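Architecture and fold: a report
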Amino acid sequence: MSKKKLVFSGVQPTGNLHLGNYLGALKNFVSLQKEMKCIYCIVDLHAITIYQKPDELRTNVLETLAGFLAAGIDPDKSIIFNQSSVSGHTELAWILNCVSRMGWLNRMTQFKDKAGPDKEKASVGLYIYPNLMAADILLYKATHVPVGADQKQHLELSRDIAQKFNNDFNCKDFFPLPEPLISKNISRVMSLRDGTKKMSKSEESDFSRINLKDSADQIIKKIKKAKSDSEPIPENPQELEKKPEALNLIKIYSDISKNSFDKVLKEMAGKEYSFLKTNLTEILINEITPVGKEINKLLADKSHLKQILKKGKEKANIIAEENLKIIREKVGLI
Ligand code: TYM
């Protein structure tokens, strides 16, 4: 098997990036740049599996790019581009549609969540979305994929598809089986309003999430309103498990402050949640508002952003075409 380590990950350009994307994905993207070659993709083709207004989609691609850069992804170190600009993604996705099995896709919980009760009305794209995700990763023969916990099942499917391709076409170890890299501290940032649901762009209430572009004022209001508990913070982690919103706030605090969960819980035990909220608000403002300001600054120069995408696309396309040439041969396409 090729020993070369390569990171690939993607983010959908479907609106404001939020704290979940930041802690679950972007911060890891940034730190991995120091260790490995990284490819980061703005997955616009994934976004259109649910209808997007064309003008909004165009704006959101640049906003997502600005978010990547503001968080610290360096276009001189990593390849950054938008998915639709490298046509190899769709070509490989078609080939993998023919490798992947209906039974595998039928198990995908995210499709069930996103399609809702009437799945007959969901787009076919939404159903085969995990195959496109496998194509994104395998097109570059990526070995490591930093994601939040919500993408774990899709990553497992990508591994199954890679394995079946290698078996079907008699090319053991051709596609590496991509490994998910999921943050140990906080793999799933939950909604500020309902600690059993993940923080998400699609949640109706803006009070459920902290957006990277939120002002200090908005952060203060959102944390103040965030659901917690009327009793003091418990000492025992098992007690906290029963209070998912409070647990989420402590995990966010622990992750951003770089203090272990146990240490934070020890410090906070017996105190009111208002104490935690005051501290959390302060570190969130320090961590998030500079990123938001940088996003706005970057968005003022759209031609610079487009230039970064163009350069990224050229670099990505070279790797994609090299790999596709071999993939076509393996499959028997002339
Ligand atoms: P997307 O756009 O929904 O989310 C982008 C990244 O943010 C993570 N994330 C979270 N992490 C922790 N807590 C949360 N509340 C939270 N919300 C989002 C996601 O896990 C993800 O890492 N299918 C993917 C995009 C994709 C992709 C790929 C990822 C397409 N192709 C190939 C990796 C490799 C998605 O919809 O992510």
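If you're wondering where the values come from, they're calculated on a predicted model, not measured in any experiment.

Definitions and cut-offs
Residues numbered from 1 in each chain as written. Predicted model: local features only at pLDDT ≥ 70, side-chain atom pairs only at ≥ 80, totals over all residues. Heavy atoms only, no water. Near = heavy atom within 4 Å. Polar contact = N/O pair within 3.5 Å; in protein donor to acceptor, adjacent residues only side chain to side chain. Areas by Shrake-Rupley, 256 points an atom, 1.4 Å probe, with all protein chains shown as cover. Helix = DSSP H or I, 4+ residues; strand = E, 2+ residues; numbered from the N terminus. Nonpolar A, V, L, I, M, F, W, Y, C, P; charged D, E, K, R; others polar. Core = buried A, V, L, I, M, F, W, Y, C linked by side-chain atoms within 4.5 Å. Buried < 20%, exposed > 50% of the residue type's maximum accessible area, 1.4 Å probe, protein only. Contact = heavy atoms within 4.5 Å. Phe/Tyr/Trp six-rings, centres within 6.5 Å; stacked < 30°, edge-to-face > 60°. Lys NZ or Arg CZ within 6 Å of the ring centre and 35° of its normal. Pairing = 2+ DSSP bridges. Salt bridge = Lys/Arg side-chain N within 4 Å of Asp/Glu carboxyl O. Domains from an automatic or database assignment. Buried area = accessible area lost by both parts, 1.4 Å probe.

**What about the site of the ligand?**
Surrounding the ligand, one finds 27 residues, the nearest of these being Gln12, Tyr129, Asp136, Asp150 and Val189. Between the ligand and tyrosine 129 there is a distance of 2.6 Å, counted from a nitrogen atom to a side-chain nitrogen or oxygen. Here an oxygen atom of the ligand and a backbone polar atom of glycine 148 are 2.8 Å apart. Out of a free accessible area of 710 Å², the ligand has 97% covered by protein chains. Contributing elements (two or more residues each) for the shell around the ligand: strand S1 (6-11), helix H1 (19-32) and helix H7 (124-139). A per-class count over the shell around the ligand returns 11 nonpolar, 11 polar and five charged.

**Concerning the nonpolar core**
Counting 59 residues, the largest nonpolar core has Leu19, Tyr22, Leu26, Phe68 and Leu284 as the members making the most contacts within it. Examining the composition of this core, we find that 11 residues originate from one element, helix H13 (residues 273-299), more than from any other. Beyond its immediate sequence surroundings of up to four residues, leucine 284 is in contact with Leu19, Ile210, Ile219, Ile223, Ile256 and Thr289. Residues Cys41, Phe81, Ala135 and Cys171 belong to the second largest nonpolar core, which totals 44 residues.

**Description of the packing of aromatic side chains**
Across all of its chains, the model carries nine aromatic pairs by this definition. Between phenylalanine 8 and tyrosine 140, the aromatic rings sit 5.5 Å apart at their centres with planes inclined by 10°, giving stacked as the arrangement. Of this pair, phenylalanine 8 sits in strand S1 while tyrosine 140 sits in the loop between H7 and strand S4 (144-146), and the two are 132 residues apart along the sequence. Each member of the pair, phenylalanine 8 as well as tyrosine 140, carries the same accessibility label: buried. Seen in terms of ring centroids, phenylalanine 81 and tyrosine 140 are 6.2 Å apart; in terms of plane orientation they differ by 65°. Their pairing is edge-to-face. One end of the pair, phenylalanine 81, is in strand S3 (residues 79-82); the other, tyrosine 140, is in the loop between H7 and S4, and 59 residues separate them in sequence. Taken together, Phe165, Phe169, Phe174 and Phe175 form an aromatic cluster joined through their ring pairs. Looking at lysine 225, its charged tip hangs above the ring of phenylalanine 207, at a distance of 4.8 Å from the centre. We note lysine 330 situated over the ring of phenylalanine 174; from NZ or CZ to the ring centre the distance is 5.2 Å.

**Some details on the pairing of S3**
Burial of S3 is two-sided: the residues Ile79 and Phe81 facing one way and the residues Ile80 and Asn82 facing the other way are all buried. Of the strand pairs in this sheet, strand S2 (residues 37-42) and S3 are connected by four bridges, and their pairing is parallel. Bridge pairing links tyrosine 40 to isoleucine 80 in S3.

**A few points about the pattern of salt bridges**
Scanning all chains against the criterion turns up 21 salt bridges. Between glutamate 156 and lysine 152 there is a salt bridge, with its nearest N and O atoms 3.5 Å apart. In this pair, glutamate 156 and lysine 152 are both assigned in helix H8 (residues 152-168), four residues apart and thus about one turn of the helix distant. In this structure glutamate 156 comes out as partly exposed when scored by relative accessible area, which is 39%. Where arginine 328 meets glutamate 321, a salt bridge forms, and the shortest distance between an N and an O atom there is 3.5 Å. Taking the relative accessible area as the measure of exposure, arginine 328 reaches 24% and is therefore partly exposed.

**So, the domain arrangement of the chain**
Its domain assignment divides the chain into domain 1 (6-187 + 302-331) and domain 2 (206-297). With both chains or domains summed, domain 1 and domain 2 bury close to 1400 Å², and 64% of this area falls on carbon and sulfur atoms. At the junction of domain 1 with domain 2, the criterion picks out two salt bridges. In this structure, glutamate 63 engages lysine 213 in a salt bridge whose closest nitrogen and oxygen atoms are separated by 3.1 Å. Along the contact surface separating domain 1 from domain 2 lie six residue pairs in polar contact (both at pLDDT 80 or more). Elements with a minimum of two residues in the side of domain 1 that touches domain 2: H1 and helix H3 (54-71). Of the residues contributing to the side of domain 1 that touches domain 2, the split by class is nine nonpolar, four polar and two charged.

**A short note on the environment of glutamate 203**
Note that glutamate 203 resides in the loop between strand S5 (179-181) and helix H9 (216-225). Overall, the relative accessible area of 25% leaves glutamate 203 in the partly exposed class. Beyond its immediate sequence surroundings of up to four residues, glutamate 203 is in contact with Lys197, Ser208 and Arg209.

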